[in-house]
Amino acid sequence: MDTLLTAYMPGNKKEAYTQMLGGLGNKIAQHLGNTYPGFKEVGVDIGLDQNLKPWIIEVNSRPDPYIFNQLKDKRMYRKIYRYAKAYGRIR
């Protein structure tokens, strides 16, 4: 995400924008957790329009960790994989 946003905003704006998107994801997860207490994981797909306005594309109660395995930096993949394994989705 850092690479994609670099072309559209300077560093300090990019950091604040990234935090805002993280906050949006947390709000969505909290709301779903309150409404459906059985959810252990939530994946949120967000798209950005030409004005960098975020749009929620979909919310998944069982996010697929394998798409993150395509990234060079494997930290996010390992984190999501650990969650999936801890909740019994992967053996």
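Remember, it's a predicted structure, so these values are computed and weren't measured experimentally.

J.: What is the right way to look at the overall build of the chain in this model?
T.: Scanning the chain from terminus to terminus reveals three helices and two strands. When the helices and strands of the chain are placed in sequence order, the string is α-α-β-β-α. Dimensions of the chain, computed from C-alpha atoms along their principal axes, come out at roughly 40 × 30 × 20 Å. Counting all 91 residues of the chain, 20% fall into the buried class. Looking at the chain alone, contacts between residues at least 24 apart form 32% of all its contacts between residues at least 6 apart. Of the roughly 7,300 Å² that the chain leaves accessible, carbon and sulfur atoms contribute 54%. Across the chain, the 15 positively charged side chains and the 8 negatively charged ones have centroids separated by 7 Å.

J.: Honestly, the packing of aromatic side chains in this entry has me stumped. Any pointers?
T.: Geometrically, a pair of aromatic rings is defined through the distance of the ring centres and the angle of the planes. Tallied over the entire structure, the rule returns three aromatic pairs. Taking 6.4 Å as the distance between ring centres and 50° as the angle between the ring planes, the aromatic pair formed by Tyr66 and Tyr77 counts as tilted. In this pair, Tyr66 is assigned in the loop between strand 2 (54–60) and helix 3 (75–86) and Tyr77 in helix 3, connecting sequence segments eleven residues apart. Judged by its relative accessible area of 14%, Tyr77 is buried.

J.: What is the right way to look at the pairing of strand 2 in this model?
T.: On a regular strand, one side chain projects to one face of the sheet and the next to the other, so that they alternate. Bridge count between strand 1 (residues 43–48) and strand 2: six bridges; the pairing is antiparallel. Paired with Gly47 across the bridge in strand 2 is Trp55.

J.: Looking at this structure, I do not really get helix 2 (residues 11–35). What am I missing?
T.: Counting along an α-helix, one turn takes 3.6 residues, and residues three or four places apart therefore face a common direction. A rise of 1.5 Å per residue sets the reference length of helix 2, with its 25 residues, at 36 Å; its end C-alpha atoms lie 36 Å apart and thus fit the reference within 8%. Buried within helix 2 we find Lys14, Tyr17, Leu21, Gly25, Ile28 and Leu32. Contact partners of the buried residues in helix 2: helix 1 (2–6), strand 1 and strand 2.

J.: Can you help me understand helix 3 in this one?
T.: Look at helix 3: 17 Å from first C-alpha to last across twelve residues, which is about the 16 Å you get at 1.5 Å a residue. Looking only at helix 3, the buried set comprises Tyr77, Ile80 and Ala84. Down the axis of helix 3, the buried side of the element spans an arc of 75°, and every buried residue falls inside it. Looking at helix 3, the residues exposed on the side facing more than 90 degrees away from the buried face are Arg75, Arg82 and Ala86. Just beyond helix 3, the residue with positive phi is Gly88, at close to 80°.

J.: Explain the nonpolar core here, please?
T.: Generally speaking, nonpolar side chains in soluble globular proteins are found buried as a group. Of all hydrophobic cores here, the largest spans five residues; its members are Leu5, Met9, Tyr17, Leu21 and Leu52. Excluding its chain neighbours within four sequence positions, the residues that come into contact with Leu52 are Tyr8, Met9 and Tyr17.

Rules behind the numbers
- Residues numbered from 1 in each chain as written.
- Predicted model: local features only at pLDDT ≥ 70, side-chain atom pairs only at ≥ 80, totals over all residues.
- Heavy atoms only, no water.
- Helix = DSSP H or I, 4+ residues; strand = E, 2+ residues; numbered from the N terminus.
- Buried < 20%, exposed > 50% of the residue type's maximum accessible area, 1.4 Å probe, protein only.
- Contact = heavy atoms within 4.5 Å.
- Areas by Shrake-Rupley, 256 points an atom, 1.4 Å probe, with all protein chains shown as cover.
- Lys, Arg positive; Asp, Glu negative; His and termini not counted.
- Charge placed at Lys NZ, Arg CZ, Asp CG, Glu CD.
- Phe/Tyr/Trp six-rings, centres within 6.5 Å; stacked < 30°, edge-to-face > 60°.
- Pairing = 2+ DSSP bridges.
- Expected span 1.5 Å × (residues − 1).
- Arc of directions from axis to C-beta.
- Core = buried A, V, L, I, M, F, W, Y, C linked by side-chain atoms within 4.5 Å.

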